Amino acid sequence: MDDGQARERLVLGAHWGFVAFFAGIAGYHLVTLVMSFVMSGRFGGYDPLELRDVGPLLILAFLPTLVLGLGPAVGSRVWGQGLRTDFGLKPTWRDVRIGLACGAAALAAGYLLNLLLLAVYGTDSDDRTFSDVSPGPPITELSGTTDGDTVWLVLAAVIVVLAAPVTEELLFRGTLWNAMGFHRLPSWVILLVTALVFAQLHGEAARTIALFGQGIAIGLARYLSGRVSAAVIAHAANNLPPAVLLFAAR
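The rules behind these values
- Residues numbered from 1 in each chain as written.
- Predicted model: local features only at pLDDT ≥ 70, side-chain atom pairs only at ≥ 80, totals over all residues.
- Heavy atoms only, no water.
- Helix = DSSP H or I, 4+ residues; strand = E, 2+ residues; numbered from the N terminus.
- Expected span 1.5 Å × (residues − 1).
- Buried < 20%, exposed > 50% of the residue type's maximum accessible area, 1.4 Å probe, protein only.
- Core = buried A, V, L, I, M, F, W, Y, C linked by side-chain atoms within 4.5 Å.
- Contact = heavy atoms within 4.5 Å.

Undergrad: How should I be thinking about helix H11 (residues 208-225) in this particular structure?
TA: Structurally, the α-helix is built with 3.6 residues per turn, so residues lying three or four positions apart point the same way. Under the 1.5 Å per step criterion, the end-to-end length of H11 is 26 Å for 18 residues, consistent within 8% with the ideal 26 Å. When H11 is considered as a whole, its buried residues turn out to be Ala210, Leu211, Gly213, Gln214, Gly215, Ala217, Ile218, Gly219, Ala221, Arg222 and Ser225. A positive backbone phi angle near 75 degrees is found at Gly226, which sits one or two residues after H11.

Okay, structure coming up:
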């Protein structure tokens, strides 16, 4: 990269990825705040719990996650060279192989770490943080809110397997990874930091350790391939079994 390219990629003295990352985080929390206000029933006396079909609310619950990708997308268009060039979003067969392998590793890591927490703390603990730990993520609990409407479950599964991995990976293993790499942080530090932020943002205290392990496994796809598309595939593979369980849990 020459000096002109370097200057073009700097915003407020830092890589533009930091601005895009924090913009995505800000959008996530802003949408969450607005949704919480509306869902509280204080907006014009509207009570969303009175809806006969809660399927739309199920899809709406994913909106903050989908907003995460706006910062990276806009930042790449304004300051970068486009999503395909900046992040390598067009997968290759090598990306697929690495992504599937790392996705399987992420599933194994999450399952084993959750089992370890259960073995250490048990299910009868007075601490709700650890008594609620289960080997799998809580997404399967969503299937009970749709009154058997398969359409909403299919839409939720598509978001979980396809949309959420894209937006989250653009944020964590895309803009944040690129920004830290631009400022010459060691790759192992970037791997750990992105995994930690990934785990924290999910806001599931009982599964933070498992999510951190899964974040490392998914991050390895980016580390080994140098491309976000491999991480997206790993993330999608990690999310696929829980999405399938949405239908099994009906």
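Right, picking up where we left off after that structure.
Undergrad: Can you walk me through the nonpolar core in this structure?
TA: Nonpolar side chains tend to gather and get buried jointly when the protein is soluble and globular. Grouped together as the largest cluster of nonpolar side chains are 24 residues, with contacts concentrated most on Leu171 and Leu201. Elements with a contribution of two residues or more to this core: helix H2 (16-39), helix H7 (93-121), helix H9 (150-182), helix H10 (187-201), H11 and helix H12 (228-248). Not counting residues within four places of it along the chain, the set of residues in contact with Leu201 comprises Ile25, Tyr28, His29, Leu68, Leu171 and Phe172. If you look at the next biggest cluster of nonpolar residues, it comprises 9 residues, including Ala156, Val160, Ala236 and Leu246.

Undergrad: What exactly am I supposed to notice about the environment of Ile59 here?
TA: Assignment of secondary structure puts Ile59 in helix H3 (residues 55-60). In the structure, Ile59 is positioned 98 residues away from Ala157 in sequence and 9.9 Å away in space, judged by C-alpha atoms. What Ile59 contacts, discounting residues up to four positions off in sequence, is Trp152, Leu155, Ala156 and Ile159.

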